[in-house]
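Observations on the model geometry
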Amino acid sequence: MHLLLGKRQLILAGLVVLLGLAVFVNWYFTGTDKRLSPEGAANATESGENSGAAEYVNAEAETKPGDAFAAARLARNAQRDKSTEELKAVMASAGEDTDAAAKASAAIEDIAKTASVETDLESLVGAATGNECVAVISENTVNILVPSDDLNDDAVLKISDIISGVCGKKYENIRISAAGQ
């Protein structure tokens, strides 16, 4: 007579038990004292807390040290968007002046290329250092913001080599800054 439970059934049962345990541990450590409701703000709790409701967050509020990367990206993207909008306005008002429209179009393409290179730099530097970073490229310089615990001589040399290889900038035009965390 064969065993009532085979190897596959035992493995399956073990996996089901482990999955159940993982769900329980997740539930236990995430806390269950906050309840979400479909009504959102209309169903606020007695403590005044809106559970499940959307909340306005001021993007210009003072940032925490850990938010230095988010603030730098926000400033970079805001400047890029402003420049792009100005160039689009130039293109729209150029009318028959094809030279001005062509220059504005070329400038928009340059902004897009710069954004692509910044993303590439962030990926490469992040892979080399193991942490996130923010790259901002201007006409003559490249600025990199990295966590302060990553700034040692070896990391600075790696970052400088990556930037020089990708952008072709000279070492004296590369600025590496520490973000306090």
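If you're wondering where the values come from, they're calculated on a predicted model, not measured in any experiment.

Here the focus is the packing of helix H2 (residues 68-94) against helix H3 (residues 98-129). At a minimum axis separation of 8 Å, H2 and H3 run at an interaxial angle of 160°. Looking at the two axes, H2 sits roughly antiparallel to H3. In terms of crossing hand, the pair formed by H2 and H3 is left-handed. Residue-level contacts link Arg73, Arg76, Arg80, Ser83, Thr84, Leu87, Lys88, Val90, Met91 and Ala94 of H2 to Ala100, Ala101, Ala104, Ser105, Ala107, Ile108, Ile111, Ala115, Glu118 and Glu122 of H3. A per-class count over the contact of H2 with H3 returns eleven nonpolar, three polar and six charged.

On to H3, then. For H3, which comprises 32 residues, the first-to-last C-alpha distance of 46 Å matches the rise-based estimate of 46 Å (1.5 Å per residue) to within 8%. Residues of H3 that are buried include every one of Ala104, Ile108, Ile111, Ala115, Glu118, Leu121, Glu122, Val125, Gly126 and Thr129, and no others. Residues of H3 that are buried in the fold lie against H2, strand S1 (134-137), strand S2 (142-147) and helix H4 (153-167). Remark: Gly130 follows H3 within two positions and exhibits a positive phi of approximately 85°.

Core analysis: the biggest nonpolar cluster contains twelve residues, these being Leu121, Val125, Cys133, Ala135, Ile137, Val142, Ile144, Val146, Ile159, Ile162, Ile163 and Ile174. Among residues more than four places away in sequence, those in contact with Ile159 are Val125, Thr129, Ile144, Val146 and Ile176.

A word on the confidence of the model for the protein chain. Model confidence for the protein chain is summarised by a mean pLDDT of 76, while 75% of its residues fall at 70 or above. Of the regions scoring below 50 in pLDDT, residues 40-47 engages in ten contacts with residues more than four places distant in sequence or in other chains. A low-confidence stretch, residues 58-63 (pLDDT under 50), is modelled with two contacts involving residues beyond four sequence positions or located in other chains.

Moving on to a nonpolar patch on the surface. There is a patch of nonpolar side chains on the surface, built from Ile11, Leu15, Leu18, Leu21, Phe24, Val25, Trp27, Tyr28 and Phe29 and spanning about 1000 Å² of accessible area. Tracing the sequence through the fold places Leu15 in helix H1 (residues 7-30).

Cut-offs and rules
Residues numbered from 1 in each chain as written. Predicted model: local features only at pLDDT ≥ 70, side-chain atom pairs only at ≥ 80, totals over all residues. Heavy atoms only, no water. Axes fitted to C-alpha atoms, helices over the stretch in contact; angles between N-to-C directions. Helix = DSSP H or I, 4+ residues; strand = E, 2+ residues; numbered from the N terminus. Parallel < 35°, antiparallel > 145°, perpendicular 65-115°, else oblique. Left-handed = near helix turned anticlockwise from the far one by under 90°. Contact = heavy atoms within 4.5 Å. Nonpolar A, V, L, I, M, F, W, Y, C, P; charged D, E, K, R; others polar. Expected span 1.5 Å × (residues − 1). Buried < 20%, exposed > 50% of the residue type's maximum accessible area, 1.4 Å probe, protein only. Core = buried A, V, L, I, M, F, W, Y, C linked by side-chain atoms within 4.5 Å. pLDDT = per-residue confidence, 0-100. Patch = residues over 30% accessible without salt bridge, like charges linked within 9 Å, V, L, I, M, F, W, Y side chains within 5 Å. Areas by Shrake-Rupley, 256 points an atom, 1.4 Å probe, with all protein chains shown as cover. Salt bridge = Lys/Arg side-chain N within 4 Å of Asp/Glu carboxyl O.

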